[in-house]
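So the chains spell out like this:
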Amino acid sequence: MYLELRHFRTLRAIHQAGGLARAADILNTTQSALSHQVAGLEAQVGMELFVRRSKPMRLSAAGIRMLRAAERILPEVAALEEEFRALQSGKTGRLHIAIQCHACFDWLFPVLEMFRHAWPEVDVDIRAGLAFDSFPALMREEVDLVISSNPEGVDGLTAHPLFDYHPTFVASSKNPLAEKPMIEAEDFRDQVLITYPVGRDKLDIFTELLTEARVEPRAHRTVELTAVILMLVGSDRGVAVLPDWVIRDVKAHADYVTLPLGPGVITKRLCAVTRDEDAVKPFMAHFLRLCRSEPVKLQRG
């Protein structure tokens, strides 16, 4: 037995119209063509689907069974067609994000709030568990975008520059280093360094300063939340190096001091990495634009 969607649509239309003539008008065909289609459909299923002698035309037991299937199948097909039309027009889609940067949540949540109002039909999620396996996950299509300051050069992936930032030293105003104009690698030997709980290859303080200088801090403490890091720093329990957008609220606070890292100015670039073909999707392009503009406002305070 070989059934097509038009068979289900024909049977439903005849049932709703109560006869071939009105059903033919609904389906924009002739009564003769519709009669031949019904005959072919009944030949396919091997039994009559209508009680011919009744007016209006009435479904047989087999016809009722097929109508139930039509009422289940046709709405699902219509919904799928609408979903595909929305995908083709760029109105809907999926934006699952992996983040290699704990501090990025500070600016990402405001961006996502703006994005959801502009693209309410796009499915947005943050896949926190894939942060350490983000680029393979992007290739496997488990996520659609990775935020990273260390994008990997992989065929099929494109890194979109978002904005530059400066890793900045923050300490208690009571810390002896508070009097220095600039912080260098050697200054960390006597300090407790507080960082997010990620690998050293993902921490700016190590990749940009300490690893090359072969300097180890006196102790290294990891903390999940930015607010807790700043609370510990303010209590002189340690020092931290954070992106400049994170410390915007403590720069003028009497409990804290913020200083540049040296000897030269350290600048990092944050990128959003996508699959090559996804960058042209309208909602993805809009999200990237928001990621370039909104964090800069936070940097400027």
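Anything mentioned here points back to the structure above.
Rules of the game
Counting restarts for each chain: residues are numbered from 1 in the order of the written sequence. Only residues with pLDDT of at least 70 get local features here, since the model is predicted, and only at 80 or more are side-chain atom pairs given and counted; chain-wide, interface and lining totals rely on the full set of residues. Think of the side-chain values as coming from all heavy atoms in the structure, minus any hydrogens and water. Strand pairing is defined by DSSP finding a minimum of two bridges between the two strands. Per the convention used, a helix needs a DSSP run of H or I reaching at least four residues, while a strand needs a run of E reaching at least two, with both numbered from the N terminus. To obtain an axis, a line is fitted to C-alpha atoms, over the contacting stretch when the element is a helix, and the angle between two such axes runs from 0 to 180 degrees between their N-to-C directions. For the purposes of this analysis, a disulfide is any pair of cysteine sulfur atoms at a distance within 2.5 Å. Only protein chains enter the calculation, and the probe is 1.4 Å; a residue is then buried if its accessible area is under 20% of its type maximum, exposed if over 50%, and partly exposed in between. Nonpolar cores were defined as sets of buried Ala, Val, Leu, Ile, Met, Phe, Trp, Tyr and Cys residues, with membership established by side-chain atoms within 4.5 Å. With the far helix as reference, a near helix turned anticlockwise by less than a right angle produces a left-handed crossing, and one turned clockwise produces a right-handed crossing. Should any heavy atoms of two residues lie within 4.5 Å, those residues are counted as being in contact. When residues are grouped by polarity, Ala, Val, Leu, Ile, Met, Phe, Trp, Tyr, Cys and Pro land in nonpolar, Asp, Glu, Lys and Arg in charged, and all others, Gly among them, in polar. A side-chain nitrogen of Lys or Arg and a carboxyl oxygen of Asp or Glu constitute a salt bridge if their distance falls within 4 Å.

1. A look at the sheet that holds strand β11 (residues 256-260)
Moving on, step 1. A sheet is described by the order of its strands in space; here 3 strands give the open sequence β10-β7-β11, paired in antiparallel fashion. Strands with a single pairing partner mark the edges of an open sheet, and in this sheet they are β10 (240-243) and β11. Across the sheet, the mean angle separating the axes of adjacent strands is 35° when strand polarity is ignored.
Moving on, step 2. The pairing of strand β7 (residues 167-172) with β10 spans 4 bridges and is classified as antiparallel. Looking at β10, one finds that V170 is bridged to A240.

2. Description of the state of the cysteines
Moving on, step 1. Applying the stated criterion to the full structure yields 1 disulfide.
Moving on, step 2. Two residues share a disulfide in this structure: C101 and C104, whose sulfurs sit 2.5 Å from each other. Judged by the sign of its S-S torsion, about 100°, the bond between C101 and C104 is right-handed. Comparing C101 with C104, the two get one shared label, buried.
Moving on, step 3. Its sulfur unpaired, C271 is 11 Å from the next cysteine sulfur, which belongs to C104.
Moving on, step 4. Residue C271 is classed as buried on the basis of its relative accessible area, which comes to 7%.
Moving on, step 5. Here C291 stays unpaired: no disulfide links it, and the sulfur of C104, its closest cysteine neighbor, is 9.1 Å away.

3. Quick notes on the nonpolar core
For soluble globular proteins, nonpolar side chains are generally found buried alongside one another.
Moving on, step 1. Residues L95, W107, L145, L242, W245 and F287 are the most contacted members of the largest nonpolar core, which totals 42 residues.
Moving on, step 2. A per-element tally of this core places helix α9 (residues 282-299) first, with 7 residues.

4. Notes on the packing of helix α1 (residues 5-17) against helix α3 (residues 31-45)
Moving on, step 1. Contact pair α1 / α3: the axes reach a minimum separation of 11 Å and the direction vectors enclose 115°. Remark: the crossing between α1 and α3 carries left-handed chirality. For the pair α1 and α3, the contacting residues are R6, H7, T10 and I14 in the first and L34, Q37, V38 and L41 in the second.
Moving on, step 2. Of the residues in the contact of α1 with α3, the class split is 4 nonpolar, 3 polar and 1 charged.

5. Observations regarding the pattern of salt bridges
Moving on, step 1. For the structure on display, the rule yields 16 salt bridges.
Moving on, step 2. Where K180 meets D187, a salt bridge forms, and the shortest distance between an N and an O atom there is 2.8 Å.
Moving on, step 3. Among the residues examined, K180 registers a relative accessible area of 27% and is labelled partly exposed.
Moving on, step 4. Taking the shortest distance from any N to any O, the salt bridge between D201 and K202 comes out at 3.0 Å.
Moving on, step 5. Three or more residues are tied together by salt bridges with common partners; here these are R94, D144, R275, D278 and K281.

6. With respect to the sheet that holds strand β12 (residues 268-275)
Moving on, step 1. What the 5 strands build is an open sheet, ordered β4-β3-β5-β12-β6; its pairing is mixed. Strands at the two margins of the open sheet, each flanked by one partner only, are β4 (122-126) and β6 (157-165). Across this sheet, the average inter-strand angle for adjacent strands is 20°, counted without regard to direction.
Moving on, step 2. Of the strand pairs in this sheet, β6 and β12 are connected by 8 bridges, and their pairing is antiparallel. Directly across from F163, in β12, lies its bridge partner L270.
Moving on, step 3. Docked against the sheet, helix α5 (residues 105-118) engages β3 (93-99), β4, β5 (145-148), β6 and β12, running at close to 165° with respect to β4.

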